[in-house]
2 protein chains.
Amino acid sequence: MRRFATERAKKLIVGSFLSSRSPSPSSHLLSSSAAAAASAMGSTQSPPVTLDSINPKVIKCEYAVRGEIVSHAQRLQQELQTKPGAHPFDEILYCNIGNPQSLAQQPITFFREVLALCDHPSILDKSETHALFSADAIARAWQILDLIPGRATGAYSHSQGIKGLRDAIAAGIAARDGFPANADDIFLTDGASPAVHMMMQLLIRSEKDGILCPIPQYPLYSASIALHGGSLVPYYLDEATGWGLEISEVKKQLEDARSKGIAVRAIVVINPGNPTGQVLAEENQREIVEFCKKEGLVLLADEVYQENIYVENKKFNSFKKIARSMGYGEQDISLVSFQSVSKGYYGECGKRGGYMEVTGFSADVREQIYKVASVNLCSNISGQILASLVMNTPKVGDESYESFIAEKNGILSSLARRAKALEDAFNSLEGVTCNKAEGAMYLFPRLHLPQKAIEAAKVVNAAPDAFYARRLLDATGIVVVPGSGFGQVPGTWHFRCTILPQEDKIPAIISRLKAFHESFMEEFHD
Amino acid sequence: MRRFATERAKKLIVGSFLSSRSPSPSSHLLSSSAAAAASAMGSTQSPPVTLDSINPKVIKCEYAVRGEIVSHAQRLQQELQTKPGAHPFDEILYCNIGNPQSLAQQPITFFREVLALCDHPSILDKSETHALFSADAIARAWQILDLIPGRATGAYSHSQGIKGLRDAIAAGIAARDGFPANADDIFLTDGASPAVHMMMQLLIRSEKDGILCPIPQYPLYSASIALHGGSLVPYYLDEATGWGLEISEVKKQLEDARSKGIAVRAIVVINPGNPTGQVLAEENQREIVEFCKKEGLVLLADEVYQENIYVENKKFNSFKKIARSMGYGEQDISLVSFQSVSKGYYGECGKRGGYMEVTGFSADVREQIYKVASVNLCSNISGQILASLVMNTPKVGDESYESFIAEKNGILSSLARRAKALEDAFNSLEGVTCNKAEGAMYLFPRLHLPQKAIEAAKVVNAAPDAFYARRLLDATGIVVVPGSGFGQVPGTWHFRCTILPQEDKIPAIISRLKAFHESFMEEFHD
């Protein structure tokens, strides 16, 4: 540091650069209009970047599932570590986000075996490896390595992802749907979020471009639309019919937006629903497809919860399957399906794997999507491999098959029991009603709050559901996200709670919830 | 499919939805202004998305390193597989992109051991594992797992990345620079590209916001500025002085941009240079820091090639070290340093790991950066782990230390030899001059083409350097990127060629290059 200080002093003396250190540089450096511009942006003295000078779209963007309540929870967690006993609970229970492995869900062994072997292929032909890894994981790792040019898992891949992995995914989609799928339609991405951003970036030209989104919605959509400068056109799901999606409502909102000069480009449908947990009926999906075709809308189908179905009478159908079964092909409907390794029974959020299947776009538009994908080079290869694995799981007769099925069913059936237990608990609370989680990972109970609670919230300048969630957190350590982060019918209040806490903790959570709620209602009784 | 067809027929008959299938739906569904809007966007019949109706910023964006020449190379590669002997070469040599492992560079063993163990931690305490993995890799994996809440490598992390890994990176930066670094300043990202996008998204409000970029530049910058709707303000590097960065040139371009009403927000400096390979002198870096401070510019320092230095008399200095050594702290300069696991001696492009170190921004602006990071939840955990490993490598006494150093030095010294061999080869060609690659992974030779070649290019509507690159590819299978993809002084022509082909192939590559070039010059001799 000494040396640098000396060199700096020397430089100031030698000083070809010295002149530019004069006190009022703009007077001799810039033309008058340039000086005005420089002064307008506050050169020299004030910091170059302030809240007033950043992109206002960034300011506008909100992302509630990692918002203020989570920051507060992180502060509490630190306090619990530094001052044990400082709060009336021992741990923070993060029910704000669909992050299963953060709540002790175990990864699927077969998937992790294959990932580890692909990360360090030089152990593949060592004898000890056979003692540590299942035979089909070893075989699968070889198979995957052979799909990768030069077996180089450390190389950038094709911008859409490794071709052989996309072939496997396309085969998995075809097997799931009973209709063909094409590897050229698959774009592998770091989780589904970048894929959603990519489509928003493609479709949104200005605030005159609208995207129909369900309300309540997953805030990735509102955030992405805000960041890309478009308009969110809301359509409300009907809480009274289990968060039903009514085409008449969508049509009304579309017409309303168009009458305001908004060019509505696309509709987002989340199935199974987030945060609402409903699973669309086939008939309803056909209506949506028909509607998109007729109205010239791109259908953006968020299908990341396709494996998370908890009720006997419902089944996941991809929108592509529905469209094809109606006889609609590439020429009829522009459809993007998003899938992620973060959800399902796998819950591999940290691996950032996912894909979008892009169908019904012209070749020249597809080229533009490819170009945007290529600017980021490719998604991470482990995530790509994992995305291929979830679409191509062990088969009957494979060494891992039995344990794989046991792990998978164990997770899904436990999630179903947890969903039911929490749903029942919420419905048992005074002034709370809660629709069933038919699928996905969330419950979205409605709070019918006493007037006094609403007024108390107003005093601290909080939305009533944010007030409730904050009180819940402070009393129990349970983190839920206020409904306002997802959107809700004005004047109604909700929160989103994941169904992910460990099953053996659910009874205690329910007791804490009940005790808090009773005392809250007692405190604010009308 | 049969079943669906039947159900569809039934639906058409039952038909609550039937009315909306009438031939002219807009007439009864929409108000007249809405119908006009619908018709303007071409509902019903024409496809919802055409090249004319997508975001023009996407159209404008270009990304040459994966552009037309690469698509052509991929076609040739397929032809080589289907029709061996169809071309005068046996393989395509991708010298278009810094992707070392695609050209057989081997990953660093220690890094891959740790990654594999973190992917499948349940083998960590098995005895066979000790036969397969080094002791320090096992210890490091335990250490990393203990930094991760619940040891859950499959969970989303903090939006900036796992705190303990950021601590390790901050310690690595501090050890490198001799100045403190803070984990709260680190944002882990999926490679450096998303970090660059994040900063562009933050800084660019409209086309009246400008970003100073070197010309030639790495096209990520021009692509990202185009996608975010800003203006690239070029400053030219001086080829005659080994791609020198002259502050007088930067100042001239800044003033010129300001006189046109452009608010210049930031300057991109790539050190070591891409595509130009120069390593900045300390004195030059101090000038740049001083300039940014005086002019109120954010310094966006692309430092991803910090380990790639091939000449004795040059050394990498981070801009943060330079700024701190000048006595400038958080209040004086807004500085973002980008680092990636894709480059260096590690070359782990497929892992998509990287980070940016963000210093000198106010707390409220930092919160906005955090918010944007949180919308994508987090970067992939393997990439995060790897980013911590490259900043915290095996130490003397560790079991892996000797082999790690041997692998590292082997790669770097081979890269230096390859850079020199290719530089000499280019300079031996008639009408070609080539600056030294002091660092990074590229050479950027200048082509002094005969007039006849320039005219022949015009006939096929190609830039002369694109014409040359295409002819080179067709004759030799060598893929280079025309200089126009990076920007160059108008009327000059270049191409970028990586130094990455395997060392034992370099002589043959040089022969092919020479033979092609001689025949090209012969053909177009003035």
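Thresholds, definitions, all that
- Residues numbered from 1 in each chain as written.
- Chains lettered and ligands numbered in written order.
- Predicted model: local features only at pLDDT ≥ 70, side-chain atom pairs only at ≥ 80, totals over all residues.
- Heavy atoms only, no water.
- UniProt positions renumbered as here; feature names shortened; annotations may be inferred.
- Least-squares fit on C-alpha atoms with pLDDT ≥ 70 in both.
- Contact = heavy atoms within 4.5 Å.
- Axes fitted to C-alpha atoms, helices over the stretch in contact; angles between N-to-C directions.
- Helix = DSSP H or I, 4+ residues; strand = E, 2+ residues; numbered from the N terminus.
- Parallel < 35°, antiparallel > 145°, perpendicular 65-115°, else oblique.
- Left-handed = near helix turned anticlockwise from the far one by under 90°.
- Nonpolar A, V, L, I, M, F, W, Y, C, P; charged D, E, K, R; others polar.
- Pairing = 2+ DSSP bridges.
- Domains from an automatic or database assignment.
- Buried area = accessible area lost by both parts, 1.4 Å probe.
- Salt bridge = Lys/Arg side-chain N within 4 Å of Asp/Glu carboxyl O.

Looking up chain A in an unreviewed UniProt entry gives the name Alanine aminotransferase 2, with the organism given as Elaeis guineensis var. tenera. Per its UniProt entry, chain A bears the Function (unreviewed entry) comment "Transfer of C3 units between the cytosol of mesophyll and bundle sheath cells to maintain a nitrogen-carbon balance in the C4-dicarboxylic pathway." What the UniProt record of chain A gives under Catalytic activity (unreviewed entry) is the line "L-alanine + 2-oxoglutarate = pyruvate + L-glutamate".

(A) Up close: the relation of the copies chain A and chain B. With an RMSD of 0.0 Å, chain A superimposes on chain B once it is rotated by 180° and translated 0.0 Å along the axis. Taken together, the rotation angle and the small translation identify this as a two-fold axis. For chain A, the smallest separation between a C-alpha atom and the rotation axis is recorded for A:Ala116, amounting to 2.1 Å. A share of 100% of the interface residues of chain A reappears at the interface of chain B, consistent with the copies meeting face to face through the same patch.

(B) View of the packing of helix 6 (residues 109–119) of chain A against helix 8 (residues 135–147) of chain A. Residue and element names in this part refer to chain A. For the pair helix 6 and helix 8, the least separation of the axes is 9 Å and the interaxial angle reads 50°. As summarised for this structure, helix 6 and helix 8 are arranged oblique, according to the angle between their axes. For the element pair helix 6 and helix 8, the recorded crossing hand is right-handed. Seen from helix 6, the contacting residues are Phe110, Glu113, Val114, Leu117 and Cys118; seen from helix 8, they are Asp136, Ala137, Ile138, Arg140, Ala141 and Ile144. Classifying every residue of the contact of helix 6 with helix 8 by side-chain character gives 8 nonpolar, no polar and 3 charged.

(C) A look at the sheet that holds strand 7 (residues 335–340) of chain A. Residue and element names in this part refer to chain A. The 7 strands lie next to each other as 2-8-7-6-5-3-4, forming an open sheet whose pairing is mixed. Taken across any chain shown, the strands that pair with only one partner, and hence form the sheet edges, are strand 2 (186–189) and strand 4 (231–236). Looking at each pair of strands side by side, their axes are set apart by 20° on average, direction ignored. In this structure, strand 7 lies alongside strand 8 (residues 354–359), joined through 6 bridges in antiparallel fashion. Within strand 8, the position partnered with serine 337 by the bridge is glutamate 357. The sheet strands contacting helix 9 (residues 163–177) are strand 2 and strand 8, and the helix crosses strand 2 at an angle near 115°. Packed on one face of the sheet, helix 15 (residues 363–375) meets strand 2 and strand 8 and runs near 20° to strand 2.

(D) How the structure looks around the domain arrangement of chain A. Residue and element names in this part refer to chain A. Partitioning chain A into structural domains gives domain 1 (62–91 + 409–523) and domain 2 (157–390). A C-alpha centroid distance of 28 Å is found between domain 1 and domain 2. Of the residues lining the interface, 28 residues belong to domain 1; the matching set on domain 2 comes to 29 residues. Buried surface at the junction of domain 1 and domain 2, summed over both partners, amounts to about 2300 Å²; 58% is from carbon and sulfur atoms. Contact with domain 2 buries surface across domain 1, with Asn435, Glu438 and Ala440 losing the most and accounting together for 26% of the total. The tally of links from domain 1 across to domain 2 stands at 1 salt bridge. A salt bridge links lysine 314 to glutamate 438, with the shortest nitrogen-to-oxygen separation between them at 3.0 Å.

(E) Inspection of the packing of helix 17 (residues 401–427) of chain B against helix 20 (residues 506–523) of chain B at higher detail. Residues and elements named next belong to chain B. Running from amino to carboxyl end, helix 17 crosses helix 20 at an angle of 15°, the nearest separation of the two axes being 10 Å. As far as their axial angle goes, helix 20 and helix 17 are roughly parallel. When you trace helix 17 past helix 20, the crossing you get is right-handed. Facing helix 17, whose interface residues are Arg418, Ala421, Leu422, Ala425 and Phe426, helix 20 presents Ile506, Ile510, Leu513 and Lys514.

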